[in-house]
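Understanding the architecture of this molecule
What follows is each chain in one-letter form.
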Amino acid sequence: MDQSTRRLTVAQALVRFLSAQYTERDGVRHRLIAGTWGIFGHGNVAGIGQALLEAGEQAMPFHQGRNEQAMVHAAVGYARQLGRLSAQAVTTSIGPGATNLVTGAALATINRLPVLLLPGDYFATRAADPLLQQLEHPVEADLSVNDTLRPVSRYFDRITRPETLVPSALAAMRVLADPAETGAVTLALPQDVQAEAYDWPEEFFAERVWRVRRPAPDPVELAEAARAIRGAERPLIVAGGGVHHSEAETALRELADATGIPVASTQAGKGSLRHDHPADLGGIGHTGTAVSDDLARTADLVIGVGTRYTDFTTASATLFRNPGVRFVNLNITAFDAHKLAARPLVADARAGLEALAEALAGHRVDAAYEAEYRSGKKRWEQVVADAFRADDENAVPTQTQVLGALDSVVGDADVIINAAGSLPGDLHKLWRARSPRQYHLEYGYSCMGYEIPAGIGVQQAAPGTPVWSLVGDGTYLMMPTEIVTAVQESLPVNLVLIQNHGYASIGGLSESVGGERFGTAYRYRAADGTFSGAPLPVDLAANAASLGMDVIRAKTVRELRDALAEARASDRPTCVYVETDPAPTAPPAQAWWDVPVAEVASREAAVDARATYDGHTAERRRHL
């Protein structure tokens, strides 16, 4: 039987295919690939570039980036804001354009967030061999620099013939839309194949809907989990990013309301409960609150919901100290549900929490336990108030006072974005999350340079939402380039730029592990060869202004609060620049983090740090 076909290039066919893909969950439909970011070079300009031009903005919106890694970060911010139900593609040329994707791809996959990568590649026909930017390997002729994307992609294929695009494109969409599989997906596109014509079956371009599943828990696993919870005297819920991805916040709140079980949150899960909910204990782990970590040490049952249990959450396997502690893990992936020898509950977070609430009907923790954690929560709230408070409004603000000023300005809908440095720890301990999407911390990869492009992605996903990208000078110098994109697209991202003259977080870590802050300050070289001279005369505010941002300089707490309010009211990309008092005002870490210390050393600082380290490692345990 004849099948109608359409003659298009591979690139044209791919763009047309992508424009007809949708996700659907709970009856709500989203475009799966809502737009494409791109920087063009010889490896994609005549292929994907021409195809995007021909398709037009309505079929496939195009976004112009300045750095390939940053384009992936923007796409990741977009996908996270929309609960992984909509994603963006990123196209690059071959060579450095393609390898610049690797860091962003790793970030996406580690955080389980969807992004489609479309790097150009060498000639499949080898008609031009070697071509500009081609890697020549002496024994693997089919190897290209794009193979660096294999370990950081959830799906990878190289399209060496037109007809192979059909099964590969379908497989790519399946992975992107699957909540248990999603991450970076790479389709490497040889530049000659991109421009090659083929007779495509019309059915390939038909509208497709990829339904995002909400798998219910297995009845036996559910019964075992409920039995364990009913039998626990000191249960603790650890809410991870899966709560947000599943839109399970209401189900979690209803379970906490009904049972009185307290909730601590990972970096990705913060905001699962509003900060003033009686059962919300704030962050957990190395950067957690005192009340969360104290309860974690004595918990006899830990109920993980959508968490990967990273070392920051478990305090490098030293946090959960109760000799009889056991785990129940509700997770959509069996891989994560089985961690820490847990009773697995493999299911969608919302479906699982709703099923647990039904199975636990009538059950509630002891009143004394509730009173204990509520008292601890009240004590920590006073710690937050003290860190945020500025007794002298005309003084230079500390970093925690910067957060306090921001806290006084933002509304419930504002989004706070951060990823690296000392700010994630301060935010995890202190920030008062008011809504599920407000706290946007990328801490799976903790990638410097994420914040500004991610702010752009969030603005694209939620127009009109006030977005705050919080960066220190170290992060800013890594990747300020997408400021130009925000200006070009008239996206009013607010940048809070904190100048503290170096890598403050790593400087503090270095000091604690005997590294004596070596190589962490942005200063001139001194006579002894170290970087301990005067601060560098770098004006980052002037740099932001040169890239097109409106800039407001603030020198005091009062000026900072006024500047933040002015930025929030603006419809232009705005930078609030502040130099902070370096005096530490954040509460210290409430739990350990394992960073190995030199076992032998001649310097006293390292010897002392090793003794402290050995004391902590003795507390580590395996949960079997």
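Refer to the structure presented above.
Predicted model only: the values in this text are computed from it and were never measured.

A word on the overall build of the protein
- Of the regular secondary structure elements, the protein holds 24 helices and 23 strands.
- Over its C-alpha trace the protein gives a radius of gyration of 25 Å, about what one expects of a compact globule, namely 25 Å for 624 residues.
- Taking the principal axes of the C-alpha coordinates as reference, the protein spans close to 75 × 70 × 55 Å.
- Taking all 624 residues of the protein together, 56% fall into the buried category.
- Only carbon and sulfur atoms are counted for the fraction: they give 52% of the accessible area of the protein, which is about 24,700 Å².

Describing the packing of aromatic side chains
- Under the defined criterion, the tally for this structure stands at 11 aromatic pairs.
- Centroid distance Phe 40 to Phe 62: 5.4 Å. Interplanar angle 20°. Geometry classified as stacked. Note that Phe 40 is positioned in the loop between strand 4 (33-38) and helix 2 (45-55) and Phe 62 in strand 5 (residues 62-64), a separation of 22 residues in sequence.
- Taking the relative accessible area as the measure of exposure, Phe 40 reaches 36% and is therefore partly exposed.
- Given the relative accessible area of 22%, Phe 62 is considered partly exposed.
- Ring geometry for Trp 200 against Phe 204: centres 5.8 Å apart, planes inclined by 20°, an arrangement best described as stacked. Accessibility assignment for this pair places Trp 200 and Phe 204 in one class, buried.
- Aromatic ring contacts, followed pair by pair, group Phe 17, Tyr 198, Trp 200, Phe 204 and Phe 205 into a single cluster.
- Taking NZ or CZ as reference, Lys 270 lies 5.6 Å from the ring centre of Tyr 439, over its face.
- Here Arg 553 stacks its cationic end above the ring of Tyr 577, 5.6 Å away from the centre of that ring.

A few points about the pattern of salt bridges
- Enumeration over the complete set of coordinates arrives at 37 salt bridges.
- Its salt-bridge partner being Arg 364, residue Glu 370 comes within 2.9 Å of it at the nearest N-O pair.

Looking at the sheet that holds strand 13 (residues 263-265)
- Taken in spatial order, the six strands line up as 14-13-12-15-16-17 in an open sheet, and their pairing is parallel. One side of each edge strand has no neighbouring strand; the edge strands of this open sheet are strand 14 (280-283) and strand 17 (343-346). Here the average twist between neighbouring strands, direction ignored, is 20°.
- Taken together, the three bridges between strand 12 (residues 235-239) and strand 13 define a ladder with parallel strand orientation. Paired with Ala 239 across the strands is Ser 265, a residue of strand 13.

Re the nonpolar core
- The biggest cluster of nonpolar side chains holds 82 residues, and the ones touching the most others in it are Trp 468, Leu 470 and Leu 564.
- It is helix 15 (residues 367-388) that contributes the most residues to this core, six residues altogether.
- Those residues in contact with Leu 564, other than ones at most four positions away along the chain, are Ala 405, Leu 406, Val 409, Trp 468, Val 496 and Val 576.
- Membership of the second largest hydrophobic core comes to 34 residues, among which are Leu 18, Val 185, Leu 189 and Trp 210.

Here we look at a nonpolar patch on the surface
- Side chains of Leu 477, Tyr 524, Leu 536 and Val 538 sit close together on the surface and give an oily, nonpolar patch of about 340 Å² of accessible area.
- Tracing the sequence through the fold places Leu 477 in helix 19 (residues 473-478).
- Judged by relative accessible area, Leu 477 falls into the partly exposed class, the value being 46%.

Notes on the pairing of strand 2 (residues 21-25)
- The element strand 2 is extensively covered by neighbouring structure, given that five of its five residues are classed as buried.
- Burial along strand 2 is two-sided: the residues Gln 21, Thr 23 and Arg 25 and Tyr 22 and Glu 24 are all buried.
- As paired elements, strand 2 and strand 11 (residues 208-211) share four bridges and run parallel to each other. Bridge pairing in strand 11 places Tyr 22 opposite Val 209.
- When strand 2 meets strand 3 (residues 28-31), the two strands line up antiparallel, connected through four bridges. Among the inter-strand pairings, Arg 25 is bridged to a residue of strand 3, identified as Val 28.
- Counted along the chain from strand 2 to the antiparallel partner strand 3, the turn is two residues long, and its residue Asp 26 has a positive phi close to 55°.

Description of unusual backbone geometry
- Asp 129 connects to Pro 130 through a cis peptide bond whose omega is 0°.
- Note on placement: Pro 130 falls in the loop between strand 7 (115-121) and strand 8 (155-158).
- With phi around 45°, Ser 446 is a residue other than glycine that occupies positive phi space.
- With respect to the helices, strands and loops of the structure, Ser 446 is situated in the loop between strand 19 (439-441) and helix 18 (451-461).
- Looking at Ser 446, the relative accessible area reads 29%, which means it is partly exposed.
- The backbone of Ser 490 sits at a positive phi, close to 55°, despite the residue not being glycine.
- Considering the arrangement of structural elements, one finds Ser 490 in the loop between helix 20 (483-488) and strand 21 (494-499).

What about the packing of helix 16 (residues 399-409) against helix 17 (residues 423-430)?
- At a minimum axis distance of 11 Å, the contact between helix 16 and helix 17 shows a crossing angle of 55°. By the angle class used here, helix 16 and helix 17 are oblique. For the pair helix 16 and helix 17, the sense of crossing is right-handed. Contacts between helix 16 and helix 17 involve Gln 399, Thr 400 and Leu 403 from the former and Leu 423, Asp 426, Leu 427 and Leu 430 from the latter.

Digging into helix 23 (residues 557-569)
- Its 13 residues give helix 23 an end-to-end C-alpha distance of 19 Å, which sits within 8% of 18 Å, the value for a rise of 1.5 Å per residue.
- Residues Val 557, Leu 560, Ala 563, Leu 564 and Ala 567 constitute the buried set of helix 23. Seen along its axis, helix 23 keeps its buried residues to an arc of 120°; they face one direction. Among the exposed residues of helix 23, those oriented more than 90 degrees off its buried face are Asp 562 and Ala 569.
- On its buried face, helix 23 sits against helix 16, strand 20 (467-472), strand 21, strand 22 (550-554) and strand 23 (574-579).

A look at helix 14 (residues 349-359)
- Regarding helix 14, the residues found buried are Ala 349, Ala 351, Gly 352, Leu 353, Ala 355 and Leu 356.
- Buried positions along helix 14 lie against helix 8 (219-231), helix 9 (241-245), helix 10 (249-259), strand 15 (301-305), strand 16 (326-331) and strand 17.
- Near the N-terminus of helix 14, the side chain that reaches the backbone nitrogen of Arg 350, with its oxygen 3.0 Å away, is that of Asp 348.

Re the pairing of strand 12
- The element strand 12 is extensively covered by neighbouring structure, given that five of its five residues are classed as buried.
- Pairing analysis gives five bridges linking strand 12 to strand 15, with the strands arranged parallel. In the sheet register, Ile 237 faces strand 15, and the bridge partner there is Ile 303.

Some details on the packing of helix 1 (residues 10-18) against helix 2
- Two elements in contact, helix 1 and helix 2, have axes separated by 8 Å at closest approach and are oriented at 50°. By the angle between their directions, the pair helix 1 and helix 2 is classed as oblique. The crossing of helix 1 and helix 2 is right-handed. Residues Ala 11, Gln 12, Leu 14 and Val 15 of helix 1 pack against Gly 47, Ile 48, Gln 50, Ala 51, Leu 52, Glu 54 and Ala 55 of helix 2.
- Residue composition of the contact of helix 1 with helix 2, grouped by class: seven nonpolar, three polar and one charged.

What counts, and where the lines are drawn
- Residues numbered from 1 in each chain as written.
- Predicted model: local features only at pLDDT ≥ 70, side-chain atom pairs only at ≥ 80, totals over all residues.
- Heavy atoms only, no water.
- Helix = DSSP H or I, 4+ residues; strand = E, 2+ residues; numbered from the N terminus.
- Rg over C-alpha atoms; globule rule 2.2 N^0.38 Å.
- Buried < 20%, exposed > 50% of the residue type's maximum accessible area, 1.4 Å probe, protein only.
- Areas by Shrake-Rupley, 256 points an atom, 1.4 Å probe, with all protein chains shown as cover.
- Phe/Tyr/Trp six-rings, centres within 6.5 Å; stacked < 30°, edge-to-face > 60°.
- Lys NZ or Arg CZ within 6 Å of the ring centre and 35° of its normal.
- Salt bridge = Lys/Arg side-chain N within 4 Å of Asp/Glu carboxyl O.
- Pairing = 2+ DSSP bridges.
- Axes fitted to C-alpha atoms, helices over the stretch in contact; angles between N-to-C directions.
- Core = buried A, V, L, I, M, F, W, Y, C linked by side-chain atoms within 4.5 Å.
- Contact = heavy atoms within 4.5 Å.
- Patch = residues over 30% accessible without salt bridge, like charges linked within 9 Å, V, L, I, M, F, W, Y side chains within 5 Å.
- Parallel < 35°, antiparallel > 145°, perpendicular 65-115°, else oblique.
- Left-handed = near helix turned anticlockwise from the far one by under 90°.
- Expected span 1.5 Å × (residues − 1).
- Arc of directions from axis to C-beta.
- Polar contact = N/O pair within 3.5 Å; in protein donor to acceptor, adjacent residues only side chain to side chain.
- Nonpolar A, V, L, I, M, F, W, Y, C, P; charged D, E, K, R; others polar.

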